[in-house]
Each structure stands twice: as C-alpha cells, then as structure tokens.
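# Examination of the molecular architecture
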Amino acid sequence: MEIECLSFRKLDEEAKRIGRIYRVYHLKDYLNENRPDFYGELKDHDDEDDEMKAEPIDKVIDHILCQLPEQYQMIIRNDYFTNQPKHWWTGYYSRATYYRLKKQGLILFLSFLN
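Quick summary incoming for the structure in this document. Remember, it's a predicted structure, so these values are computed and weren't measured experimentally. (Residues numbered from 1 in each chain as written. Predicted model: local features only at pLDDT ≥ 70, side-chain atom pairs only at ≥ 80, totals over all residues. Heavy atoms only, no water.)

### A few points about the packing of helix 3 (residues 57-67) against helix 4 (residues 70-81)
Where helix 3 meets helix 4, the closest approach of the two axes is 9 Å, and the angle between their N-to-C directions is 150 degrees. The pairing of helix 3 with helix 4 is recorded here as roughly antiparallel in orientation. As helix 3 runs across helix 4, the sense of the crossing is right-handed. Mapping the contact onto sequence places Ile61, Asp62, Leu65 and Cys66 in helix 3 and Gln73, Ile76, Arg77 and Phe81 in helix 4. Classifying every residue of the contact of helix 3 with helix 4 gives five nonpolar, one polar and two charged. (Axes fitted to C-alpha atoms, helices over the stretch in contact; angles between N-to-C directions. Helix = DSSP H or I, 4+ residues; strand = E, 2+ residues; numbered from the N terminus. Parallel < 35°, antiparallel > 145°, perpendicular 65-115°, else oblique. Left-handed = near helix turned anticlockwise from the far one by under 90°. Contact = heavy atoms within 4.5 Å. Nonpolar A, V, L, I, M, F, W, Y, C, P; charged D, E, K, R; others polar.)

This is how it looks when you write it as structure tokens:
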C-alpha cells in the first residue's frame, strides 16, 4: 500500500515503532562510549565482514531527517526521537497547522525509509 494512502494513525504507529528502535541504538552507543567498564561492549550478533554490515539504523534515520525541510524535521525529531514535553509544539503552531505538517512530514520521512 502507498504511504500516502495510510491514515494518520497508521503513520503515527509506524513512526513510533521506528522511534523505539532509534532510541535503543542510541542507548547502545551511549553505553558503549560512557559505561564500557560496567556494561561491557555491546556487540552486534552479525558474523558478516565489517564491509558487509549495514549502516546503523540511528545513523540512517539521522541522515534522512537531515534531508527533510526544517519544519518536518523538528516535528518528527521532537515527537518520535527525543524526550520533549507532550505539547512542545504549542509555541510554534496552531493545532491544525501542527497536525497538517506532522502528517506531511511523516509521509515524506516514511517514504525515504520505504
């Protein structure tokens, strides 16, 4: 099914799923860099050569977000990838504008991942 045809709820669910994956990778990176003595090195369980490994998903997502227009980037980052207060957007947008931009941003973001 085309991403443009998905309901806002489905788009939101998919972005939340991707956000959870992204935060796990960021946590893994943080622990490897800052707490290796306590947690040990967290390794990927791939046995492939380093050249064959895929780019870490958090780096891919960051790259995609950088390709989006600033409005979409801010909304998607704040809603799915960082810890922001629930209604962080009220100082920037009206409710209608926020949801319109959010849906457009989600469609664009998810189309990059598709």
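### Side note on the nonpolar core
Counting 23 residues, the largest nonpolar core has Ile61, Leu65, Ile76, Phe81 and Phe109 as the members making the most contacts within it. Going through the elements one at a time, helix 1 (8-34), helix 3, helix 4 and helix 5 (95-113) are the ones with two or more residues in this core. Per-element accounting of this core gives the leading share, six residues, to helix 5. Discounting residues that sit within four places of it in the chain, Leu65 has contacts with Gln73, Ile76, Arg77, Phe81 and Phe109. (Core = buried A, V, L, I, M, F, W, Y, C linked by side-chain atoms within 4.5 Å. Buried < 20%, exposed > 50% of the residue type's maximum accessible area, 1.4 Å probe, protein only.)

### Topic: the packing of aromatic side chains
Tallied over the full model, the rule gives nine aromatic pairs. When the centroid spacing of 6.2 Å and the interplanar angle of 85 degrees are considered together, the rings of Trp88 and Tyr98 count as edge-to-face. With a gap of 10 residues between them, Trp88 in the loop between helix 4 and helix 5 and Tyr98 in helix 5 connect regions that are remote in the sequence. Of the two residues, Trp88 and Tyr98, both sit in the buried class. Aromatic side chains Tyr98 and Tyr99 sit 4.8 Å apart centroid to centroid with 70 degrees between the ring planes, which places their arrangement in the edge-to-face category. Of the aromatic side chains, those joined through ring pairs into one cluster are Phe8, Trp88, Trp89, Tyr92, Tyr93, Tyr98 and Tyr99. (Phe/Tyr/Trp six-rings, centres within 6.5 Å; stacked < 30°, edge-to-face > 60°.)

### Topic: helix 3
Within the sequence span of helix 3, burial applies to Asp58, Ile61, Ile64 and Leu65. Angularly, the buried residues of helix 3 cover 125 degrees about the axis, an arc narrow enough to put them on a single face. (Arc of directions from axis to C-beta.)

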